[in-house]
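As a plain string of letters, each chain reads:
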Amino acid sequence: MTHTVLILTDDTDSVAERVAVELIDREVPVITMDTSQFPLLISIAAHIESGSDGWAGVINTPHGEVNLAQVGAIYHRRPTQFTMDEGMSAPERAFAYSEARYGFGGVLTALRQSGCLWVNDPMAAMRAEYKPVQLVTAARIGLKIPKTIITSSPEEAFAWAKDIGKPIIYKPLGGIWHADEGKVRVVYTTPISDLTELRDPALGRTAQMFQERIDKACEARAVVVGNEVLTVRIDAGSEQGEIDWRSDYDSLSYERIDLPRAFQDRLVELHKRLNLVYGAVDLIQSADGQWHFLETNQSGEWGWLNLKTGLPVHKAMADVLQKGPAWAR
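Participant: When you look at the sheet that holds strand 3 (residues 43-47) in this model, what are you seeing that I'm missing?
Facilitator: Strand pairing in a sheet is mediated by backbone hydrogen bonds. Such pairs are either parallel or antiparallel. If you trace the 3 strands from one edge of the open sheet to the other, you get 3-4-5, paired in antiparallel fashion. Edge strands, defined here as strands with exactly one partner in the open sheet, are strand 3 and strand 5 (64-67). With direction set aside, neighbouring strand axes in the sheet form an average angle of 10°. Relative to strand 5, strand 4 (residues 56-61) runs antiparallel, the two being bridged by 4 bridges. Within strand 5, the residue paired with Thr 61 across the bridge is Gly 64.

Written out as structure tokens, the structure reads:
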């Protein structure tokens, strides 16, 4: 019997819909579930006993019933937070949310132990959020990475920058989106033109990451799905976009390319070592033609690349989800 694919995202996710349509065209059962609807519109009844191979039971959703025993793949695309009953007090809602996380979320997580494929496994995705983990893994398998320092010492940062003798940049360790007194602030990659700024005592207030600035010919996003690597070259047409292409999408141009086979194999190996099935990798090609790994985004976006270039990520994702437990083995 063909297994069921469960897609965790909200109802407005048109990118996930492309994957769902592809699976439906292949006659693979698929249900999209918005976890913010638990427990108001979604309910669960799961059970287990001695000698069981895994959790059994059902999840009832507005889009249909999910038989837990038949779920063979979960696309952890864009899960949403549970919504608790407003009739409860704040402490009651906090307790209820915790129980939902460990109960509802725990049952879904436990399906992995019965052979269900997660794209990506939440535990592995959480670990891979740490850039130091990514960089050391990349370096160990032979990928080129920028020279990097993570420090809270102004003098160490200054000495390191002077020692490498190349332009450097600052990059946030926790992503570009940050809350700031009720507002959302975006922190992009920032060139450091005056090295004496590194001696500012304020640098010592937290960990900071600095990297050499690579003289680049272009950038690229390589989308790794299982054993497949789909890549788009990205060229920026503005000064700001040249520094960080995410800061000026209107200036970008795109072209589908094929990375060298050996480099593709290393990217696949990187994700296997990180226990990731999917990753959106940011790359730089230096002026001498060498490709350099910057980071992989375990939930990185690919929808706009599909629209701009026809990059068939939805088909590659459907391939993996359709195999489900067979791919996991």
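Having seen the model, we can carry on.
Participant: Explain the side chain of Lys 131 here, please?
Facilitator: Take Lys 131: it is sitting in helix 4 (residues 131-140). Within the structure, Lys 131 has its side chain in polar contact with the side chain of Glu 295 (distance 3.5 Å).

Participant: What is the right way to look at the pattern of salt bridges in this model?
Facilitator: Any two side chains of opposite charge can pair, on the condition that their charged atoms come close. Within the structure shown, the criterion is met by 17 salt bridges. For the salt bridge of Arg 112 with Asp 121, the shortest nitrogen-to-oxygen distance reads 3.2 Å. Classification of Arg 112 by relative accessible area gives partly exposed; the value is 48%. Of the charged contacts, one joins Arg 221 and Asp 282 as a salt bridge, the two residues approaching to 3.0 Å between their closest N and O atoms. Taken together, the residues Arg 221 in strand 14 (residues 216-225) and Asp 282 in strand 17 (residues 278-286) connect sequence positions 61 residues apart. Judged by relative accessible area, which is 6%, Arg 221 ranks as buried. Take Asp 282: its relative accessible area is 6%, and that puts it in the buried class. Beyond isolated ion pairs, a larger network of salt bridges with shared partners links Glu 22, Arg 26, Lys 315 and Asp 319.

Participant: Would you mind showing me how to read the side chain of His 271 here?
Facilitator: Looking at where His 271 falls in the secondary structure, it is placed in helix 7 (residues 261-273). You can call His 271 buried: its relative accessible area is 1%. If we ignore the near neighbours within four places in the chain, the residues touching His 271 are Val 224, Leu 276, Tyr 278, Gly 279, Val 281 and Thr 296.

Cut-offs and rules
- By convention here, each chain's residues receive numbers from 1 onward along its written sequence.
- Two thresholds apply to this predicted model, a pLDDT of at least 70 for residue-level local features and 80 or more for giving and counting side-chain atom pairs, whereas whole-chain, interface and lining totals are computed over all residues.
- Just so you know, side-chain values use all the structure's heavy atoms and leave hydrogens and water out.
- When DSSP locates at least two bridges between a pair of strands, those strands are taken to pair.
- Put simply, DSSP H or I for four residues or longer makes a helix, DSSP E for two residues or longer makes a strand, and each gets a number counted from the N terminus.
- In this description, a line fitted to the C-alpha atoms serves as the axis of each element, helices being fitted only across the stretch in contact, and the angle between N-to-C directions of two axes falls anywhere from 0 to 180 degrees.
- Any N or O atom pair separated by 3.5 Å or less is treated as a polar contact, with the protein-specific requirement of one donor-capable and one acceptor-capable atom, and with residues adjacent in sequence counted only for side-chain atom pairs.
- Definition used for salt bridges: Asp or Glu carboxyl oxygen within 4 Å of a side-chain nitrogen of Lys or Arg.
- Here the term buried applies to any residue with accessible area under 20% of the maximum for its type, exposed to any over 50%, and partly exposed to those in between, with areas from a 1.4 Å probe on protein chains only.
- Any two residues whose heavy atoms approach within 4.5 Å are treated as being in contact.

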